[in-house]
Amino acid sequence: MTFTSTHWGAYRPVISDGRLAAMEPAPWDTDPSPIGRSMPATNHSATRVLRPAVRRGFLDPATRHSSGHLRGREPFVELPWDEALDLVAAELGRVRKTYGNRAIFGGSYGWSSAGRFHHAQSQLHRFLNCFGGYVYSKDSYSLGAGRVLLPHIVDTMDALLQHHTSWDVLERHCELFVSFGGLPSRNAQVSPGGASVHGVRPALRRMASAGRTRFVNISPIRADMADVPDAEWLPVRPGTDVALMLGLAHVLIDENLHDRGFLASHTTGYERVRDYILGGADGVPKTPEWAARQCGINAGTIASLARRMAASRTVVNVVYALQRAQHGEQPFWMTVTLAALLGQVGLPGGGFGLGYGCMNYIGSGQSSFSGARLPQGRNAVADFIPVARIADMLLQPGAEFEYNGGRHRYPDIRLVYWAGGNVFHHHQDLNRTVAAWQRPQTIVTHEQYWTAQARHSDIVLPATTALERDDIGSAGNERHMVAMRAAIAPVGASRDDYAVFAALSQRLGFEQDYTEGRDALQWLRHLYDEARPRAEAQGIDLPAFDSFWQAGHFEVPRPSRPVVLLERFRADPVAHPLPTPSGRIELYSETIAGFGYDDCPGHARWFAPEADAEHPIHLLSSQPATRLHSQYDQGEVSRASKISGREPITLNTMDAASRGIRVGDVVRVFNWRGAFLAGVSLSDGVRPGVAQIATGAWYDPLDADRPGSLDKHGNANMVTPDIGSSRLAQGCAAQSTRVEIERWTETLPPVTAFEPPAFAVAA
Ligand SMILES: Nc1nc2c(c(=O)[nH]1)N[C@H]1C(S)=C(S)[C@@H](COP(=O)(O)OP(=O)(O)OC[C@H]3O[C@@H](n4cnc5c(=O)[nH]c(N)nc54)[C@H](O)[C@@H]3O)O[C@H]1N2
Ligand SMILES: Nc1nc2c(c(=O)[nH]1)N[C@H]1C(S)=C(S)[C@@H](COP(=O)(O)OP(=O)(O)OC[C@H]3O[C@@H](n4cnc5c(=O)[nH]c(N)nc54)[C@H](O)[C@@H]3O)O[C@H]1N2
Ligand SMILES: [Mo]
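Source: prediction; values computed, not measured. (Residues numbered from 1 in each chain as written. Chains lettered and ligands numbered in written order. Predicted model: local features only at pLDDT ≥ 70, side-chain atom pairs only at ≥ 80, totals over all residues. Heavy atoms only, no water.)

Caption draft 1: Molecular detail of the sheet that holds strand β10 (residues 232-234). Strands sit in the order β10-β9-β8-β12-β13 across an open sheet of five strands; the sheet is parallel. Among the strands making up the open sheet, the edge pair consists of β10 and β13 (351-353). Here the average twist between neighbouring strands, direction ignored, is 20°. In this structure, strand β8 (residues 176-180) lies alongside strand β12 (residues 314-318), joined through five bridges in parallel fashion. Pairing of Phe177 across the sheet is with Val315, part of β12. (Pairing = 2+ DSSP bridges. Helix = DSSP H or I, 4+ residues; strand = E, 2+ residues; numbered from the N terminus. Axes fitted to C-alpha atoms, helices over the stretch in contact; angles between N-to-C directions.)

Take a look at the structure:
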């Protein structure tokens, strides 16, 4: 049987007349995602990139490298593949010869598709490594602050996420689940590489009906725990969770409810943190009353929650969103600190969670074994950026930046190569991004669809979708590996990213290095065979490739032991130390303190969010329920959610009333960075002074010729700040956004984001 895997689940494609007619959820998935419904019509729609296309001004050698300011504004000229490939190869060769490999940016952040061989970013990295290297990017938009901080204080984020205590253990042992940011199960639709059995919502529903576990949703948004109907809701002010956690910690210490034994044997730096919490260090005791003034939650509620946490088997969970903010390191560090005070780390149903609810795989209880992966080779270029500093890099070549204890300089980029991501989705402050994007001489993008990323490129090469090529779907901590057999022929003249890079490597003289003489199917067999010993090391017996391919999927057996995070470390911290300098949980880190950062000192600390009286609404730009980021925004599931064609924004009823805004209105959301239109939804389940919109509405400027123009469709990154979380991690800080909102009274401009760009014939 033929299956395919997407990040949001496994499906059986139904084909009719050579076209994708439907996506039937895989039979093993008891809670499938609706996002698959968007795929059939979209796969064959007018938003597909059908043929190689070059921006008109770029085609003309006279204006080729002097017309970057026209990106996104000029028509494209379609070219035969050979001519387009010749042009890309020539540009790569020219830039390497003139400026060296350090002038090529190949970071190419993005989620791409689920298949592991045709993973566009991995293919690009392998290709550029064979070409002599490229400037790369570190960390992720998802977890910028977390990925840099956690290795200093506990372990790498990957190691921790792969071993989160499983939901079935929580079901049996957890009495109190306190979650900062809730458990929005819409986000657990996905896993990078392909969710298979969607387990989070069923687990939450079982726990809710069993009644053993109490849930506390600490979030500005009540619906963040919609699957637990009687969850307690503490509508915290956004960006102030650390104050609330400090208030809880103060009660634990003050009332002697903290676990001194655990703190002494398993942590380091407790005395300094205690001093800070009690006020010895700065004269400000972090009492519940103090916390209440910052976070908007009543002091009595904070004190009683602390006592309940100490008296119960308690998990303290935090979602990723809290660290995608200015000082985003602090909520993660303080979560670990709070869990250490409670002393339940390593116990079944206790300790901390750093992302329950964010992805399906977290807490799945499956082994972290990941199947096929494409070797990317060695990068000869050492220059890098923290991933979310891309606009800084393009705008300020040569400028110095700090990162994780080091000082570095931004390289001078002449050529940008992207495959499998969308900068105009993921990056903050799009008006600034548009300006930065004009700087390079050449921008090449492989895309399936005419996204803003494609529209703002010089050369666009059409990529196949996963349904049009053979691949292997496999994600760590997921139950199924999927044999993704091609279901339909490539749409238009699209080609696999692999085929494109193979053709380029042939032109550039390193075809053998890149392809190793294999075609795609030979690669699949090779990567699968390479994965078999890795699987065996974890007690997983992978069948021979042919039987896997024939069967269509392989069910990864569940480990026999239940998974409990940091169980061995708890049992014996001397025999099983953590990979931190002290081998323990570092409540105070000498290393970080030694960096001397005032915005990220040696222990978890409170930083008040910046005030902005003119823009009193805190805007949360969260993950969409109806799509993956910007992927399939043009599909029916996403479109059905729009209001007058715009992305819905949810406001508190009173905030709307005081502004004369009614449900269904279109509003202008703005600050000094930019503005966008959105369709209004109202709720009492949103804290006053807060608004929430999903990310991923395709960027759709009202007038591309006017800098600072309005986005007509609802792209939140028009207004988000392009700043690093701190000098430590430089992570994405999108959640630190303040706006004002007013009714849109002018004529509604049509949404044009899903129409293909203008095409011209070559002069
Ligand atoms: N304001 C705000 N901004 C945010 C966030 C936020 O919370 N708030 N969240 C951030 C986070 S956590 C993330 S992870 C990022 C996500 O940002 P991205 O990962 O860049 O977003 P996607 O929309 O998934 O972009 C993937 C692109 O790859 C294309 N693609 C898919 N498969 C293939 C393929 O096989 N080949 C090629 N060539 N292309 C392919 C798709 O068509 C799509 O355009 O956004 C970040 N941005
Ligand atoms: N359907 C779907 N699922 C996805 C994705 C998708 O695009 N679509 N993207 C995936 C990716 S790449 C990632 S990284 C994860 C991200 O997972 P998260 O980062 O956890 O996702 P968000 O939706 O941004 O945030 C979750 C909730 O945090 C709350 N929140 C925001 N700021 C604060 C705050 O200051 N305090 C408190 N207490 N709560 C706050 C918001 O109300 C929001 O609903 O999601 C993944 N899951
Ligand atoms: Mo992410």
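Caption draft 2: The arrangement of the site of ligand 1 in detail. With respect to spatial proximity, 34 residues lie near ligand 1, and among them Ser113, His426, Glu447, Ser630 and Asn717 are the closest. The side chain of Gln428 places a nitrogen or oxygen atom 3.2 Å from a nitrogen atom of ligand 1. Contact between ligand 1 and Ser621: a nitrogen atom at 3.0 Å from a side-chain N or O atom of the residue. Contact with the protein chains covers 98% of the free accessible surface of ligand 1, which is 930 Å². Those elements that provide at least two residues to the shell around ligand 1 are α16 (423-426) and β18 (442-447). A per-class count over the shell around ligand 1 returns eight nonpolar, 22 polar and four charged. (Near = heavy atom within 4 Å. Polar contact = N/O pair within 3.5 Å; in protein donor to acceptor, adjacent residues only side chain to side chain. Areas by Shrake-Rupley, 256 points an atom, 1.4 Å probe, with all protein chains shown as cover. Nonpolar A, V, L, I, M, F, W, Y, C, P; charged D, E, K, R; others polar.)

Caption draft 3: Structural context of the nonpolar core. In terms of nonpolar packing, the biggest core is built from 156 residues, with Leu150, Val154, Trp167, Phe180, Ile649 and Ile741 touching the most fellow members. With ten residues, helix α9 (residues 241-254) is the largest single contributor of residues to this core. Those residues in contact with Ile741, other than ones at most four positions away along the chain, are Ile617, Ile649, Leu651, Arg659, Ile661, Val667, Arg668, Val669, Phe670 and Ala691. Core analysis: the second largest hydrophobic core is formed by 53 residues, Ala103, Leu124, Leu461 and Leu527 among them. (Core = buried A, V, L, I, M, F, W, Y, C linked by side-chain atoms within 4.5 Å. Buried < 20%, exposed > 50% of the residue type's maximum accessible area, 1.4 Å probe, protein only. Contact = heavy atoms within 4.5 Å.)

Caption draft 4: Spotlight on the packing of aromatic side chains. According to the stated counting rule, one finds 35 aromatic pairs in the structure shown. Here Phe177 and Tyr356 contribute two aromatic rings whose centre-to-centre distance is 5.8 Å and whose plane-to-plane angle is 65°, an arrangement assigned as edge-to-face. Here the residue Phe177 occupies a position in strand β8, and Tyr356 occupies one in the loop between β13 and β14 (384-386), the gap between them amounting to 179 residues. For Phe177, a relative accessible area of 0% corresponds to the buried category. Every member of this aromatic cluster is reached through a ring pair, and the members are Phe117, Phe127, Phe131, Tyr417, Tyr498, Phe501, Phe510, Tyr514 and Trp523. Across from the ring centre of Phe670, 4.1 Å away, lies the NZ or CZ of Arg668, which sits over that ring. (Phe/Tyr/Trp six-rings, centres within 6.5 Å; stacked < 30°, edge-to-face > 60°. Lys NZ or Arg CZ within 6 Å of the ring centre and 35° of its normal.)

Caption draft 5: Representation of the site of ligand 2. Close contacts around ligand 2 come from 32 residues, with Arg186, Asp224, Asp241, Pro624 and His629 the closest. In this structure, Arg324 approaches ligand 2 through a side-chain N or O atom, which is 2.9 Å from an oxygen atom. The fraction of the free accessible surface of ligand 2 (910 Å²) that becomes covered by protein chains is 98%. Considering only residue class, the shell around ligand 2 consists of 17 nonpolar, ten polar and five charged.

Caption draft 6: Local environment of helix α5 (residues 144-153). Of all ten residues in α5, eight are buried; the element is thus mostly enclosed. Residues of α5 that are buried include every one of Gly144, Ala145, Gly146, Val148, Leu149, Leu150, His152 and Ile153, and no others. Here the buried face of α5 lies against α6 (157-162), α14 (329-342), β15 (400-403), β23 (585-586) and α24 (590-595).

Caption draft 7: Region of interest: the sheet that holds strand β21 (residues 480-484). Read from one edge to the other, the open sheet built from three strands follows the order β20-β21-β22, with strand pairing classed as antiparallel. Two strands lie at the open edges of the sheet, namely β20 (471-473) and β22 (553-555), each paired on one side alone. On average, each strand axis in the sheet is inclined to that of its neighbour by 15°, with strand direction left out of account. Relative to β21, β20 runs antiparallel, the two being bridged by three bridges. The residue bridging Gly473 from the neighbouring strand is Val482, located in β21.

Caption draft 8: Broad picture of the pairing of β15. Pairing of β15 with strand β16 (residues 406-409) involves four bridges; the strand directions are antiparallel. Pairing of Glu402 across the sheet is with Arg407, part of β16.

Caption draft 9: Region of the structure containing the environment of Val460. Within the secondary structure, Val460 is located in strand β19 (residues 459-462). Residue classification places Val460 among the buried residues on the basis of a relative accessible area of 0%. As a C-alpha pair, Val460 and Val49 span 411 residues in sequence and 8.2 Å in three-dimensional space. In this structure, Val460 is in contact with Val49, Arg51, Pro52, Ala53, Phe76, Thr445, Trp450 and Ala454, ignoring residues within four places of it in sequence.

Caption draft 10: A look at the pattern of salt bridges. Going through the model one piece at a time under the given rule, you end up with 44 salt bridges. Where Arg743 meets Asp665, a salt bridge forms, and the shortest distance between an N and an O atom there is 3.5 Å. Pair noted here: Arg743 is in strand β29 (residues 738-743) and Asp665 is in the loop between α26 (653-658) and β26 (666-670), with a separation of 78 residues, a long-range link. Taking relative accessible area as the criterion, Asp665 reaches 13% and is therefore assigned buried. Where salt bridges share partners, they join Glu400, Glu402, Arg407, Asp598, Asp599 and Arg727 into one cluster. (Salt bridge = Lys/Arg side-chain N within 4 Å of Asp/Glu carboxyl O.)

By themselves, these figures tell us nothing about what the structure is for.
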